Amino acid sequence: AQSVSQHNHHVILSEAASLELGCNYSYGGTVNLFWYVQYPGQHLQLLLKYFSGDPLVKGIKGFEAEFIKSKFSFNLRKPSVQWSDTAEYFCAVTGHNNAGNMLTFGGGTRLMVKP
Amino acid sequence: GAGVSQTPSNKVTEKGKYVELRCDPISGHTALYWYRQSLGQGPEFLIYFQGTGAADDSGLPNDRFFAVRPEGSVSTLKIQRTERGDSAVYLCASSFRQGGTSTQYFGPGTRLTVL
C-alpha cells in the first residue's frame, strides 16, 4: 500500500523567508506526485505536479518541487514567501499502474506567514 | 468554466439519520472521486467512478456508505444510520480521464456534522 509522510505539521515563517516543506512517499513502482494547496476558506487547488521528465517542477505562484527518486521525496520550495502563502499544503501520490489514479495524501502542513 | 460543485456546503444531522451529499463534476469529466477529510488529516479516498460504474469502492469504510452516478455526471454519496465518527468534510473531485497523467480538480466539500 502506498503512503505519504509530511513531517512538518505546522510551520511559521516571516515574509521573505525561504520555504521548504518535506514530503516522503512509500510506493513500490513509478509514481505521479502532486502538491495541493488549500487557502483559508477555499477548496483544494493544484499547485504543481510531476509525471515524468525533469525532476525539478515549477508550479504557480513561484513554487517548485524536486523529485528525488533515491530518497522517495518530493519536497516543496519557495525562495521568498508572502503573507498570502498562508495556507495548508498537501502532498499526494498515485502510482502509474494505478488505473483509477486514486490519490494518497499526506497529513498536510499548515503554513503561517507573518507579515 | 465552472468547477466542481458540491451541495450542501454544510449538513448537520442527528446520529442514526440518513444523509445524501451531491457532487456536480466539471462538464466532460468522465472520472469522479469521493474523498473524506477528517479534522487535522489529509483527504482519504472513498470511491471512484469511471462513467456510471463504481470502478473502485475499496475506500468505503463500511456498508452504511454507498454512492451512485446513474447518468455518468452527477454523483450522490449516501450515508445510512449516521454515526458521530462520520463527521468530516466530504470532498468530490473529477478528472478528464482515468489513470496516467490526469489531474483531479476538487470541489469545495460538504462539511458533515453528526450530533
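Sequence order as written defines the numbering, with residues in each chain counted from 1. As a convention, the first chain written is A and the first ligand written is 1, with the rest following in written order. At least 70 in pLDDT is required for a residue's local features to be given in this predicted model, at least 80 for side-chain atom pairs to be given and counted, and no such filter applies to totals for whole chains, interfaces and linings, which use all residues. To obtain the side-chain values, all non-hydrogen atoms of the structure were included, while hydrogens and water were left out.

Colleague: Explain the pairing of strand β7 (residues 65-68) of chain B to me, please; I cannot follow it from the model alone.
Modeller: Strand residues, when the strand is regular, have side chains that alternate between the two faces of the sheet. All names here are of chain B. Residues Phe-65 and Ala-67 point to one face of β7 and are all buried, whereas Phe-66 and Val-68, pointing to the other face, are not buried. Pairing between β7 and strand β8 (residues 75-79): four bridges, direction antiparallel. Bridged to Ala-67 within β8 is Leu-77. Once β7 ends, the chain turns through six residues before running back antiparallel as β8, passing Gly-72 with a positive phi of about 80°. Only protein chains enter the calculation, and the probe is 1.4 Å; a residue is then buried if its accessible area is under 20% of its type maximum, exposed if over 50%, and partly exposed in between. Only DSSP runs of H or I covering at least 4 residues are called helices, and only runs of E covering at least 2 are called strands; the numbering of each starts at the N terminus. Note on pairing: DSSP must find at least two bridges between two strands before they are called paired.

Colleague: Explain the sheet that holds β7(B) to me, please; I cannot follow it from the model alone.
Modeller: Within a sheet, neighbouring strands are paired by backbone hydrogen bonds and run either parallel or antiparallel to one another. All names here are of chain B. If you walk across this open sheet you meet the four strands as β1-β3-β8-β7, and the pairing is antiparallel. Each edge of the open sheet carries a strand with a single partner, namely β1 (5-7) and β7. Averaged over all adjacent pairs, the angle separating strand axes in this sheet is 15°, with direction ignored. Sheet analysis places β1 next to strand β3 (residues 19-24), joined by three bridges and oriented antiparallel. The residue bridging Thr-7 from the neighbouring strand is Arg-22, located in β3. Here an axis means a line fitted to C-alpha atoms, over the contact stretch when the element is a helix, while the angle between two N-to-C directions is reported on a 0 to 180 degree scale.

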